[in-house]
Amino acid sequence: MNKRIAILGMGDLGIALAAHFLHQNYKVTVWNRSSTKLLMLKNIDYKINGSSPPRLPEIHDGDLYALKLSNFIVIVTSVADAHEEIIEGIKNNINSNNIVIVIPGCFGAYYEFRKHLNTNSIYEINPSPISSRVSITKNTINMKLNSGYYIGGLGCQKDVKELFPKGEFVSPIHSSLMNVEMILHPTIFLTTKGNISGFYRDGVNYHNTKIINAIDLERLELGMHIGIKLPSLVDILKSKYASLNLCAYPSNIVEIFKTTKPFIDSTINFNRSEQERYVTEEVPFRLVPMYRLGRTFGLSMKSTKLLIDMAIKYANVDYYKSKRNISKSDIYACSNSLLNTKQQEI
């Protein structure tokens, strides 16, 4: 397998992935659009559990257009509003030998990248395959490899499976619809304004779960119209955190978050800028595309619209102008391609 990886976007997820793959003996090149952040990255030793990797990553501190990507596996972990800039920067350096993976895929990242990049291997992964908290100033990387994530796309599955062995391959729209954080995060923030000591433990209550459950029902209904049987948000959470739950049979979202480690720990919180991103990232790049797609199928999506309208009022930004859009034809074209690929494999 190709042992060269380029990671574009060096937030907590990008840094954790770089550390993970360095320890797996991959050659890793990293890039971030903030030059200040790149300078700070030089202070990280990418140790995991006290162990150093065999090599450090190569830091590309130049223009993205100048990054040579021939035969690289390109992993995009940037915020969604940087996707357009990244596509523009790498499109002339991507060829059929490249694999491009977007993590997390937001809603429909696969379709956006596939329209502009000249490669047959593009994937989006939802939710994240790694949970991480990174402190650059303290030079610490805390990470946990997850299971239960979904890999949506087309191309060389073997190489992607080697990188992310615990993922399940599905269609891109299936992967997008499995990212239930797009419902949880903005609802918690917009109904509490972030004035809580523990984001999940204190942020989820019997009032805002009515909104969460209503939007989740619209997600399930949209999946049904597309032809995908989706698990409910409650079932996803129960499955993901089964081994950490202190309650044998939690029946609702509130019980899950108030009786599950580490959510009951009041120190599990996010700073203000991270919480703000639950509006600026999740709403225009996840909820709005889901809302639009639902409307094309004739669904009311009124609960999703309610949350989007709350976000617009809070941020004073018209998120309905988001450029992220998925059409029925995008979904059906991809479904036909997936079917043809499976027939060729048989």
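An account of the accompanying structure is given in this report. (Residues numbered from 1 in each chain as written. Predicted model: local features only at pLDDT ≥ 70, side-chain atom pairs only at ≥ 80, totals over all residues. Heavy atoms only, no water.)

## Some thoughts on the pairing of strand S6 (residues 121–126)
Here is step 1: Among the six residues of S6, six are classified as buried, and the element is accordingly described as predominantly covered.
Here is step 2: Neither face of S6 is exposed, since Ser121, Tyr123 and Ile125 on one face and Ile122, Glu124 and Asn126 on the opposite face are all buried.
Here is step 3: Across four bridges, the pairing between strand S5 (residues 99–102) and S6 is parallel. Bridged to Ile99 within S6 is Ser121.
Here is step 4: Running through helix H4 (residues 109–116), the crossover from S5 to the neighbouring parallel element S6 is right-handed.
Here is step 5: Where S6 lies against strand S9 (residues 150–154), five bridges are found, and the strand directions are antiparallel. (Buried < 20%, exposed > 50% of the residue type's maximum accessible area, 1.4 Å probe, protein only. Helix = DSSP H or I, 4+ residues; strand = E, 2+ residues; numbered from the N terminus. Pairing = 2+ DSSP bridges. Right-handed = clockwise from strand over helix to strand, strands pointing away.)

## Considering the packing of helix H13 (residues 282–296) against helix H14 (residues 302–315)
Here is step 1: Running from N to C, H13 and H14 point in directions that differ by 145°, and their axes come no closer than 10 Å. Every pair of crossing elements has a handedness; the one defined by H13 and H14 is left-handed. The residues of H14 that touch H13, namely those facing Val283, Leu287, Val288, Met290 and Tyr291, are Thr304, Lys305, Leu307, Ile308 and Ala311.
Here is step 2: Of the residues in the contact of H13 with H14, the class split is eight nonpolar, one polar and one charged. (Axes fitted to C-alpha atoms, helices over the stretch in contact; angles between N-to-C directions. Left-handed = near helix turned anticlockwise from the far one by under 90°. Contact = heavy atoms within 4.5 Å. Nonpolar A, V, L, I, M, F, W, Y, C, P; charged D, E, K, R; others polar.)

## Structural notes on the environment of Pro127
Here is step 1: Note that Pro127 resides in the loop between S6 and strand S7 (130–135).
Here is step 2: Judged by relative accessible area, Pro127 falls into the buried class, the value being 12%.
Here is step 3: The spatial distance from the C-alpha of Pro127 to the C-alpha of Tyr150 is 6.9 Å, given a sequence separation of 23 residues.
Here is step 4: Residues contacting Pro127, with those up to four places away along its chain left out, are Gly148, Tyr149, Met178, Asn179 and Lys240.

## Notes on the sheet that holds strand S4 (residues 73–76)
Here is step 1: Read across the open sheet, the eight strands follow the order S3-S2-S1-S4-S5-S6-S9-S10; overall the sheet is mixed. The outermost strands of the open sheet, each flanked by one partner alone, are strand S3 (58–59) and strand S10 (168–170).
Here is step 2: Of the pairings in the sheet, the one linking strand S1 (residues 4–8) to strand S2 (residues 27–31) comprises five bridges and is parallel in character. Bridge pairing in S2 links Ile7 to Val30.
Here is step 3: Of the strands in this sheet, S4, S5, S6 and S9 touch H4, which is tilted by about 160° from S6.

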